[in-house]
2 protein chains.
Amino acid sequence: MIDMPAKRPPVPLSLERIIDAALHIADGQGLRRLTMRRLGDALQVEAMAIYHHLPRGKDALMDALAEHVTAVQVGPEGLDGWQDRARAWARASRAALLEHPGVLSLALTKPPKGSALIAIREQAEQLQEAGLGDASEAVRALRAYVFGSVAVEVQQSGWADPDATVQHARTADGEREFEHGLDALITGLER
Amino acid sequence: MIDMPAKRPPVPLSLERIIDAALHIADGQGLRRLTMRRLGDALQVEAMAIYHHLPRGKDALMDALAEHVTAVQVGPEGLDGWQDRARAWARASRAALLEHPGVLSLALTKPPKGSALIAIREQAEQLQEAGLGDASEAVRALRAYVFGSVAVEVQQSGWADPDATVQHARTADGEREFEHGLDALITGLER
DNA sequence: ACCTGAACACCGTTCAAGT
DNA sequence: ACCTGAACACCGTTCAAGT
């Protein structure tokens, strides 16, 4: 008998590993190519094993992905005034969405649940404590602003565009314009 | 032999009928249940017949749906000043998206093509002719605003909410807040 | 030109079975 | 508790064939 290198006991499956692999597939190949079977392959496991960790199957997976890029928290440490807190939260939200464009359609569309819903409520409380009048209105406006900005920014990167340097210039513009619009929104919120 | 009512020659398939039926399914049952076979059933035709009108298959169908809710034109008649035109265009865009929430994820996510892309360019030209400085910047900001507003508005209607009257109040709020934010955005655009 | 029928590869999910 | 294998109903798409 030939001495084979000992087959390592595979890393056990976990919700976190499943979500990471799913995000990798969605970002790299698109959401339509994210299938339970492909996801199983990526995790070196039969597709059916996933159901043990996500009993509601693919629907639960989609929910979890939306939650993952959408449940954003920013600690109130070192942030004085609701303006700074709002700004920090908006930036963190934008970054989280841009990091995983493959699931953006889920993030923009699925009603917030679980930790995402909790994060929204917490953010409203923080802004209220920091002295903002209608905090839940403000959170809605901020979420809308982040969603809209990221949507057109990601759309634009999918535009037909042969010139790669123009492409890069646009990305830098994205941040500049985001900050500019954010300033305007926040000044508008003080009334 | 029994006299049967004469079988009417079926209405011939057309791109328009296909898109209408597809929107109906997506809005009523969700995008995930929009399949070629179900679409064929709704049109009283075998699924394969659809490929004659949409040679690129389901991808082409998705593109067409996004285009349909996204290619918005407003004639410049009776609209003086770029502010009024921008306002009219934003309202029309919001209405088109709210009418078909089932394909919102496509509309927010697919890069504009065909008539949708043309409508964007035309809108930029109109605003420029009406005296706006950086018109393409403005169109981007307006699109982002409409996308974000509609996204949170539609998300909210999917929220867990036992009280139906609260639900209805929210919808009315949606329009009020949209107009309010739109005013702020447009004043911000004049610089 | 327009549609059908059969076929193929792939998909989500269930269930009994293995360890 | 965690994973596999076989099975089922359904899916997108092709292709040859019908009219």
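Identification of chain A as TetR family transcriptional regulator from Planotetraspora mira is taken from an unreviewed UniProt entry.

## Details of the protein's contact with DNA strand D
Of all residues adjacent to DNA strand D, which total 16 residues, the nearest are A:E46, A:H53, B:M36, B:R37 and B:Y51. Counting only the atoms of DNA strand D within 4 Å of the protein, the fraction contributed by sugar and phosphate is 52%. Between DNA strand D and the protein, one listed contact pairs a phosphate oxygen with a backbone N or O atom of A:L13 at 3.4 Å. Separating a phosphate oxygen of DNA strand D from a side-chain N or O atom of B:R38 is a distance of 3.1 Å. Only α2 (36–42) and α3 (57–68) of chain B provide two or more residues apiece to the surface near DNA strand D. It is α2(B) that provides the largest number of residues to the surface near DNA strand D, a total of 3 residues. Across the surface near DNA strand D, the residue classes tally to 7 nonpolar, 4 polar and 5 charged.

## Examining the interface of chain A and chain B
A common measure of how large an interface is: the accessible area buried when the components associate. Chain A puts 28 residues into the contact, and the matching count from chain B is 28 residues. Where chain A abuts chain B, roughly 2500 Å² becomes buried across the two surfaces, and 54% of that area is made up of carbon and sulfur atoms. Taken as a group, A:R140, A:Q155 and A:W159 account for 25% of the area that chain A buries against chain B, more than any other trio of residues on that side. Taken together, the links from chain A to chain B amount to 4 salt bridges. Ionic pairing is found between A:E177 and B:R140, a salt bridge with its closest N-O pair at 2.0 Å. Put simply, chain A and chain B have 13 residue pairs in polar contact (both at pLDDT 80 or more) between them.

## Thoughts on the protein's contact with DNA strand C
Near DNA strand C you find 16 residues, and of these A:M36, A:R37, A:Y51, B:E46 and B:H53 are the closest. For DNA strand C, the backbone portion of the atoms within 4 Å of the protein, that is sugar and phosphate, comes to 52%. In the environment of DNA strand C, a phosphate oxygen lies 3.4 Å from a nitrogen or oxygen atom belonging to the backbone of B:L13. Where the surface near DNA strand C is concerned, the elements lending two or more residues are α2 (36–42) and α3 (57–68) of chain A. Ranked by residues supplied to the surface near DNA strand C, first place goes to α2(A) with 3 residues. Of the residues in the surface near DNA strand C, the class split is 7 nonpolar, 4 polar and 5 charged.

How each quantity is defined
- Residues numbered from 1 in each chain as written.
- Chains lettered and ligands numbered in written order.
- Predicted model: local features only at pLDDT ≥ 70, side-chain atom pairs only at ≥ 80, totals over all residues.
- Heavy atoms only, no water.
- Near = heavy atom within 4 Å.
- Polar contact = N/O pair within 3.5 Å; in protein donor to acceptor, adjacent residues only side chain to side chain.
- Helix = DSSP H or I, 4+ residues; strand = E, 2+ residues; numbered from the N terminus.
- Nonpolar A, V, L, I, M, F, W, Y, C, P; charged D, E, K, R; others polar.
- Contact = heavy atoms within 4.5 Å.
- Buried area = accessible area lost by both parts, 1.4 Å probe.
- Salt bridge = Lys/Arg side-chain N within 4 Å of Asp/Glu carboxyl O.

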